[in-house]
Structure formats: C-alpha cells, structure tokens
Amino acid sequence: MLLEAERAALCGTGRGMVEAGLVLGSSGNASVRAGGLVAVTPGGMRLDRLEPADCPVVDVRGRRVDGRLEPSSETPLHLALYGASPASAVVHTHSTHGVAVASTLTELPPIHYNTLLLGGVVQVAPYATYGTAELAANVEKAMSGGMRAALLANHGGVAVGGDLDEAFENARLLEWLCEVYVRARALGDPRVLSGEELARAAERGHRPSGYGPS
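Conventions and cut-offs
Residues numbered from 1 in each chain as written. Predicted model: local features only at pLDDT ≥ 70, side-chain atom pairs only at ≥ 80, totals over all residues. Heavy atoms only, no water. Helix = DSSP H or I, 4+ residues; strand = E, 2+ residues; numbered from the N terminus. Expected span 1.5 Å × (residues − 1). Buried < 20%, exposed > 50% of the residue type's maximum accessible area, 1.4 Å probe, protein only. Contact = heavy atoms within 4.5 Å. Core = buried A, V, L, I, M, F, W, Y, C linked by side-chain atoms within 4.5 Å. Polar contact = N/O pair within 3.5 Å; in protein donor to acceptor, adjacent residues only side chain to side chain. Salt bridge = Lys/Arg side-chain N within 4 Å of Asp/Glu carboxyl O. pLDDT = per-residue confidence, 0-100. Arc of directions from axis to C-beta. Pairing = 2+ DSSP bridges. Axes fitted to C-alpha atoms, helices over the stretch in contact; angles between N-to-C directions.

Over its 16 residues, helix α1 (residues 4-19) runs 23 Å from end to end, which matches the ideal 22 Å to within 8%, given 1.5 Å per residue. Those residues of α1 not exposed but buried are R7, L10, C11, T13, G14, G16 and M17. Lining the buried residues of α1 we find β1 (29-34), β2 (37-40), β3 (57-59), β4 (64-66), β5 (89-93) and α5 (164-187). One or two residues past the end of α1 sits G21, with phi positive at roughly 75°.

Among the nonpolar cores identified, the biggest contains 53 residues, and L108, V139 and L151 are the most heavily contacted of them. Take this core: its biggest share by element is nine residues, from α5. The residues contacting V139, other than those within four sequence positions of it, are L77, L81, A125, L152 and V158. L116, L193, A201 and A202 belong to the second largest nonpolar core, which has five residues in total.

Moving on, we come to the side chain of H92. Inspection of the secondary structure puts H92 in strand β5. Its relative accessible area of 1% is what places H92 among the buried residues. Within the local environment of H92, its side chain forms a polar contact with the side chain of H94, the two groups lying 3.3 Å apart. Engagement of the side chain of H92 in a polar contact is seen with the backbone oxygen of G157, the distance being 2.8 Å. In this view, H92 contacts M17, V23, G28, N29, E74, H78, L152, H155, G157 and V158; residues no more than four positions away in its chain are not counted.

Our next topic: the pattern of salt bridges. Evaluated as defined, the whole model comprises 11 salt bridges. Linking R61 and D59 is a salt bridge whose minimum nitrogen-to-oxygen distance equals 3.5 Å. Salt-bridge contacts for R172 lead to E169; the nearest nitrogen and oxygen are separated by 3.0 Å. Placement of both R172 and E169 in helix α5 is noted, with a separation of three residues, approximately one turn of the helix. For R172, a relative accessible area of 41% gives the class partly exposed. When salt bridges that share partners are traced, they join D59, R61 and R63 into one network.

Attention now moves to the confidence of the model for the chain. On average, residues of the chain score 95 in pLDDT, and 96% of them are at 70 or above. Contacts from residues 210-214, a stretch scored under 50 in pLDDT, to residues over four places away or in other chains number eight contacts.

Within helix α6 (residues 195-203), burial applies to L198, A201 and A202. Down the axis of α6, the sector holding all buried residues measures 100°, keeping them to one side. Opposite its buried face, α6 presents the exposed residues E196 and E203, each directed more than 90 degrees away. Of the residues one or two after α6, G205 is the one with positive phi, at around 95°.

For the rest of this paragraph, the subject is the pairing of β5. In terms of burial, β5 is largely enclosed, as five of its five residues are buried. The alternating pattern of β5 places A89, V91 and T93 on one face and V90 and H92 on the opposite face, and all of these are buried. Looking at chain direction, β1 and β5 are connected through four bridges and run antiparallel. Each bridged residue has a counterpart across the sheet, and for A30 the counterpart in β5 is V91. Alignment of β5 against strand β8 (residues 156-161), held across five bridges, turns out to be antiparallel. In the sheet register, T93 faces β8, and the bridge partner there is G157.

Attention now moves to the sheet that holds β8. Taken together, the eight strands give an open sheet; going across it, the order is β4-β3-β2-β1-β5-β8-β7-β6, and neighbouring strands pair in mixed fashion. The outermost strands of the open sheet, each flanked by one partner alone, are β4 and β6 (124-125). Of the pairings in the sheet, the one linking strand β7 (residues 149-152) to β8 comprises four bridges and is antiparallel in character. Paired with L151 across the bridge in β8 is G157. Across the sheet, α1 lies against β1, β2, β3, β4 and β5, angled at about 150° from β1, the strand it touches most. Sitting on the sheet, helix α2 (residues 75-84) is in contact with β1, β2, β3, β5, β7 and β8, with an inclination near 40° to β1.

Below, the structure is given as structure tokens:
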C-alpha cells in the first residue's frame, strides 16, 4: 500500500478534527504530501471512522494512483496549495466560529497577536462552489505571501503546515482566533491591533518560524 504511514496519520488527524469540533459529519478533509504523491481523505466518509486503506493516494495532477475510494471533492484545493507553497499537509475545516466569521467579513480582524503565527492577518477568500478550480484559485490568492491559513467565504477554513500535526494545530489556532473575535464582538466593538503593534510583536519573535510569548 502506497504511503501507508501517511494514510495512517491521516486517520489520526481526522479523529482529532472531529474531537476538536472542527468538522461535523463527513464535512472537512485533510491531506499529506510525500514527494510527488498526496494521500487525502476520501469523500463522503466521517473522518473519525477512517481506516488507512480508505484514504486514496493521488499524484500532483489529481489522478488516483492507489486506493479504492474517490478522493475528497476538495482535492483541487489541496493540490493548488501544494503547488504554491512548501507545505506538506493541508487541513480543511467547517468549524462553527470560522464559518461565522467567513460568512460576514472579508478578513479576520487582528484582535490578538497570535494571528502572526498564521502569517499575519487572515484573509477570507471570495465564495466559489466547493470542489472547483475557482475556489482553489481564490484560496491560493488569499494564502499568498506565506500565510498558513485562510477562511473561505460562507464555507469554512483551511490551514497548512510542514506536517499534519502542524497543519492541525494551525487549524485549531484559526478557530480559536475566530471564536475570540465572535465572543468579543458580542460584548462590544473589539479593539483591533494596528500594523505597528503587530510589527512590534513580530520583532519579539512572535512569527510562524519561531515560538512566541505565552
């Protein structure tokens, strides 16, 4: 079985996504790249019930080369992000607060400096039908400049990483930032950090390449 270890890791990530509330039912998907091949979760299956053999393997053109099930309908999105970045894993979510923000705003206001861990101010990619090349292009643009996450208008969120653990943690951080904003907005008008304030936080090492202050 091709990419046996990567497919097993995908199953663990799928369970983690469900347990963290990042997906509901069979929504959401994840993938991991190894050289010129990508193991991806299948379409139409609950992520907490996956077995390694359920996860198909595709090449960089999206052609299935191993596995009995069809890859996720969002595979074009995953492949676009791999083609545009050095990422080795992608996690796509339909989390509650992420969808709420993505359905109302054009970017996630930076009310906490932890947004720097995702590369900066998180953008909302314009809406396009799921599984299409148009959506993939919109998300690729929203994540240009080294961003590690983006929101998808009226849809969900996506995060990338050097491995599945990192992509999953970035997806969790994205949802946390969205939840903080939603809760703050319920109390009043949140104070948004300025570009200068974010720059000062970045100067202290709070950036994707390192560990920031707790």
